[in-house]
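Inside the fold
As a plain string of letters, each chain reads:
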Amino acid sequence: MIKLIAIDLDGTLLNSTGNISERNRQAILKAQEKGIEVVVATGRSFESANRPIKEAEIVCPKICVNGAEIYQENHKKLSSITMSKENIAKIIAITELHGAYLEIYTNKGIFAKQQNEILEILVNAIRSNHPELSEAEVQKRVNQRFQEESFLFVDSFSSILNDPTIEIVKALALCFDPQKLTTIKTALANEAELLITSSGFDNLEFNHPNAQKGIALEKFAQKRKITKEQIMAIGDNENDLSMLKYAGTSVAMANAKESIKPLVDHITTSNDQDGVALAIEAILNQN
């Protein structure tokens, strides 16, 4: 019997316009009504993760920045796992060397450099994935990125590294050239206390090895006295893999990265076809 459902956001619970469909919303509310705990597990910051959840009038705990932070329903932070600034300095150096755009997630906000760079990256990525979109629609989706997270733009990351009051929980590199991303990942692959995953074809996500969705989900479930066999996890990409492996029942979206699909128990429809709702409805019929 499922007692806990963990759901990724981007590419999973959120559709391609960044919203929670009414069917997904109703499925979550019905699960909660039946006493099933629902937790969102995302690579986003708390503020960004909370926005679409709040708009859908859903109240639930959140695992954020890939497991680096856990929040209760009342928004109280339960735990935080930070990265060493030595590793961050290495990430900054190698991403700058290869021309990738970098975001650094901290306890004081998300820092980034040169907004024009991310604009170009996002425009190219959206055009590549959705050639059917008009220029106006492409621009709308680019603007959506800046609405999802709140950025602090700086001339140099050195101020972050030198500020002892700043704690770093994640770094995100964006680049439209997959070979450059591979080169960056290879260069940093053997660094101690550094986990590299991805939430899309155009990015790399850097966290502390203990900051994983699966580890955070296990910690959260243990406090609720819920076993792994009583958990269902739903996701679509590499940064979801640890929680998909941990959960007793794992579900991948139809739009999931192909390498994820053979590793899960079930495949639902896409994030634009209420795939989360279908997975939850199936569980409600069995419980």
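Analysis parameters
- Residues numbered from 1 in each chain as written.
- Predicted model: local features only at pLDDT ≥ 70, side-chain atom pairs only at ≥ 80, totals over all residues.
- Heavy atoms only, no water.
- Helix = DSSP H or I, 4+ residues; strand = E, 2+ residues; numbered from the N terminus.
- Rg over C-alpha atoms; globule rule 2.2 N^0.38 Å.
- Buried < 20%, exposed > 50% of the residue type's maximum accessible area, 1.4 Å probe, protein only.
- Contact = heavy atoms within 4.5 Å.
- Areas by Shrake-Rupley, 256 points an atom, 1.4 Å probe, with all protein chains shown as cover.
- Phe/Tyr/Trp six-rings, centres within 6.5 Å; stacked < 30°, edge-to-face > 60°.
- Lys NZ or Arg CZ within 6 Å of the ring centre and 35° of its normal.
- Pairing = 2+ DSSP bridges.
- Axes fitted to C-alpha atoms, helices over the stretch in contact; angles between N-to-C directions.
- Parallel < 35°, antiparallel > 145°, perpendicular 65-115°, else oblique.
- Left-handed = near helix turned anticlockwise from the far one by under 90°.
- Nonpolar A, V, L, I, M, F, W, Y, C, P; charged D, E, K, R; others polar.
- Arc of directions from axis to C-beta.

**Observations regarding the overall build of the protein chain**
Check the secondary structure of the protein chain and you find 10 helices and 14 strands. Against the 2.2 N^0.38 benchmark of 19 Å for 287 residues, the protein chain shows a C-alpha radius of gyration of 18 Å, consistent with a compact globule. In terms of principal-axis extent, the alpha carbons of the protein chain reach across some 55 × 45 × 35 Å. For the protein chain, the residues scored as buried account for 54% of the 287 residues in total. Sequence-distant contacts, at least 24 apart, represent 62% of the contacts inside the protein chain between residues at least 6 apart. Here the protein chain has roughly 12900 Å² of accessible surface; of this, 49% comes from carbon and sulfur atoms.

**Observations regarding the packing of aromatic side chains**
Tallied over the full model, the rule gives two aromatic pairs. Its guanidinium or amino end placed over the ring of tyrosine 105, lysine 170 lies 4.5 Å from that ring's centre, counting from NZ or CZ.

**Concerning the sheet that holds strand E14 (residues 266-267)**
Taken in spatial order, the eight strands of this open sheet run E5-E4-E3-E2-E1-E12-E13-E14, and their pairing is mixed. Each having just a single partner strand, strand E5 (77-80) and E14 make up the two edges of the open sheet. The sheet contact formed by strand E1 (residues 4-7) and strand E12 (residues 231-235) spans four bridges and is parallel. Counterpart to leucine 4 in the pairing with E12 is isoleucine 231.

**Description of the sheet that holds strand E11 (residues 203-207)**
Taken together, six strands build an open sheet; the order of strands is E8-E7-E6-E9-E11-E10 and the sheet is mixed. With partners counted over all chains shown, the strands left at the sheet margins are strand E8 (151-153) and strand E10 (195-197), one partner each. The mean angle between the axes of side-by-side strands here comes to 25°, regardless of whether they run parallel or antiparallel. Across four bridges, the pairing between strand E6 (residues 101-106) and strand E7 (residues 109-112) is antiparallel. Residue pairing in the sheet places threonine 106 in a bridge with glycine 109 of E7. Of the strands in this sheet, strand E9 (168-174), E10 and E11 are in contact with helix H7 (residues 178-188), which crosses E11 at around 20°.

**Some details on the packing of helix H1 (residues 22-33) against helix H10 (residues 275-286)**
The N-to-C vectors of H1 and H10 enclose an angle of 30°; their axes lie 8 Å apart at closest approach. Accordingly, the angle class assigned to the pair H1 and H10 is roughly parallel. In this structure, H1 crosses over H10, and the sense of that crossing is left-handed. Of the residues in H10, those touching H1 at Arg23, Asn24, Ala27, Ile28, Lys30 and Ala31 are Gly275, Val276, Ala277, Leu278, Ile280, Glu281 and Leu284. Residues of the contact of H1 with H10, tallied by class, amount to eight nonpolar, two polar and three charged.

**Looking at helix H8 (residues 213-223)**
Within H8, the full set of buried residues consists of Lys213, Gly214, Ala216, Leu217, Phe220 and Ala221. Angularly, the buried residues of H8 cover 160° about the axis, an arc narrow enough to put them on a single face. In H8, the exposed residues that point more than 90 degrees away from the buried face are Gln222 and Lys223. Where H8 is buried, its residues touch E1, strand E2 (37-41), strand E3 (62-64), strand E4 (69-71), E12 and helix H9 (241-246). One or two positions beyond H8, positive phi appears at lysine 225, with a value near 60°.

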